[in-house]
Amino acid sequence: MEMMEVEGRNEKKNERDIVEDPGNKIHGNFPFYYQFNPVEARLDLISDEQLKCLVDCQQQEKGCACQENSMCENGVCDKDRVICLLDIGCNRGDLTIALAKRIHELTGHPVVAEGWDIDKALIMEAKQQFGPLSGDGRITCEFRAINVSNEDEFTAASTTTTMSKLGKRRFDLVCLFSVTMWIHVHSGDDEFLNILDRIYSISNALIVEPQESKSYGSCRRRIKRVGGELPPKLDELRLRGDKLFPAIRNGIGEAGFVALTEKSSGSCGSNRSSSEGRSSSSSTIKAIGNDQCDHSPFPRKEQQNVEKTAWKRPLWLFKRSEMF
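Nothing here was measured: the structure is a model prediction, and the numbers come from that model.

The buried fraction of strand β4 (residues 111–117) is high, at seven of seven residues. Both strand β3 (residues 83–88) and β4 contribute to a ladder of six bridges, which runs parallel. Within the sheet, the bridge partner assigned to Ile-88 lies in β4 and is Trp-116. Viewed along the sheet, the connection from β3 through helix α6 (residues 94–107) into β4 turns out right-handed. Direction of pairing for β4 relative to strand β6 (residues 139–145): parallel, over a ladder of seven bridges. Note on β6: the bridge partner recorded for Ala-113 is Cys-141.

What follows concerns the packing of helix α10 (residues 180–187) against helix α12 (residues 213–225). Packed helices, taken two at a time, are described by the angle between their axes plus the distance between the axes. Between α10 and α12, whose axes approach to 11 Å, the crossing angle comes to 70°. With respect to each other, α10 and α12 are oriented roughly perpendicular. The crossing of α10 and α12 is right-handed. In this structure, α10 uses Thr-180, Met-181, Trp-182, His-184 and Val-185 to contact α12, whose residues at the interface are Ser-215, Tyr-216, Cys-219 and Arg-222. Of the residues in the contact of α10 with α12, the class split is five nonpolar, three polar and one charged.

To continue, consider the confidence of the model for the chain. When pLDDT is averaged along the chain, the result is 77, and 69% of the positions lie at 70 or above. Every residue in residues 57–71 is under pLDDT 50, and counting partners more than four places away or in other chains gives 41 contacts. Predicted confidence is poor over residues 262–266, with pLDDT under 50, and the contacts of this stretch with residues over four places away or in other chains come to eleven contacts.

The next point concerns the pattern of salt bridges. Summed over the entire model, instances satisfying the criterion amount to twelve salt bridges. Taking the shortest distance from any N to any O, the salt bridge between Arg-144 and Glu-114 comes out at 3.5 Å. With a gap of 30 residues between them, Arg-144 in strand β6 and Glu-114 in strand β4 connect regions that are remote in the sequence. Judged by its relative accessible area of 15%, Arg-144 falls in the buried class. According to the relative accessible area criterion, Glu-114 is buried, its value standing at 0%. The residue Glu-151 makes a salt bridge to Arg-198 at a minimum N-O spacing of 3.9 Å. Separated by 47 residues along the polypeptide, Glu-151 in helix α8 (residues 151–158) and Arg-198 in helix α11 (residues 189–201) bring together distant segments of the chain. On the accessibility criterion, Arg-198 (13% relative accessible area) is buried.

Scoring rules and cut-offs
- Residues numbered from 1 in each chain as written.
- Predicted model: local features only at pLDDT ≥ 70, side-chain atom pairs only at ≥ 80, totals over all residues.
- Heavy atoms only, no water.
- Buried < 20%, exposed > 50% of the residue type's maximum accessible area, 1.4 Å probe, protein only.
- Helix = DSSP H or I, 4+ residues; strand = E, 2+ residues; numbered from the N terminus.
- Pairing = 2+ DSSP bridges.
- Right-handed = clockwise from strand over helix to strand, strands pointing away.
- Axes fitted to C-alpha atoms, helices over the stretch in contact; angles between N-to-C directions.
- Parallel < 35°, antiparallel > 145°, perpendicular 65-115°, else oblique.
- Left-handed = near helix turned anticlockwise from the far one by under 90°.
- Contact = heavy atoms within 4.5 Å.
- Nonpolar A, V, L, I, M, F, W, Y, C, P; charged D, E, K, R; others polar.
- pLDDT = per-residue confidence, 0-100.
- Salt bridge = Lys/Arg side-chain N within 4 Å of Asp/Glu carboxyl O.

Here it is as structure tokens:
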């Protein structure tokens, strides 16, 4: 599922590999995705401080005597706290595992990573490539063929995760890398927002890389070029253009999330402008966004030096407000 629109010469190379199976394009589940879009293209844009802030679900206790990179939960030092990660639209799992390894290296905590994708063949490849364990055994990974657009399937999957077995209500971090369009074109406007709400409900923090409206046009052109069948809701969508990103952003805010910022001291901060209409004067936006106001969860004045992905997409970092 996880697939950005591949542009220029990369698009031509991908199409050469998948032209015989147009169905691969309908869900964005391209089998050679990471050959053309290396994981570093995203991970290098997220600072260590941002990532640690995202997965540290409680503020560290004042005077905490634990090691510098360990964290506190519920006011109690717990070096063995397990961090639960979910990557929705994981493809072959390369980014899922790379992110899990980085979190473990930064925090010293065990990481349980799950990757969900609609494509059973890609999930099988992920299992064969990574197996149940990665690294030094402190990173556990599980890959599952899940269609998040199916409410029953989503509910069953979210209640049988390692996270739930550990007694957690939510994942510490849920990632949506270039999957919003593929959910949208198959579910329609209203159900699209409902699906995102369900995803937010099992998340303590989010990394969201939404596809812009122009990607929908590219989707149509590529599918038609190889004679494929268009996604069922593509021609019915009203949330396009300058309506698309605000709708996603507002849903995130209404679910109780605020945009992540990073104070000059290196500690976590938040920007509540996306849901409360005001910003923190003591913080500097460090999350990655688009420099267009309508395409960013941040005020224009805080977008001067934000970074972008190589393919000009925003990367939004959000955290539940009660976790700060």
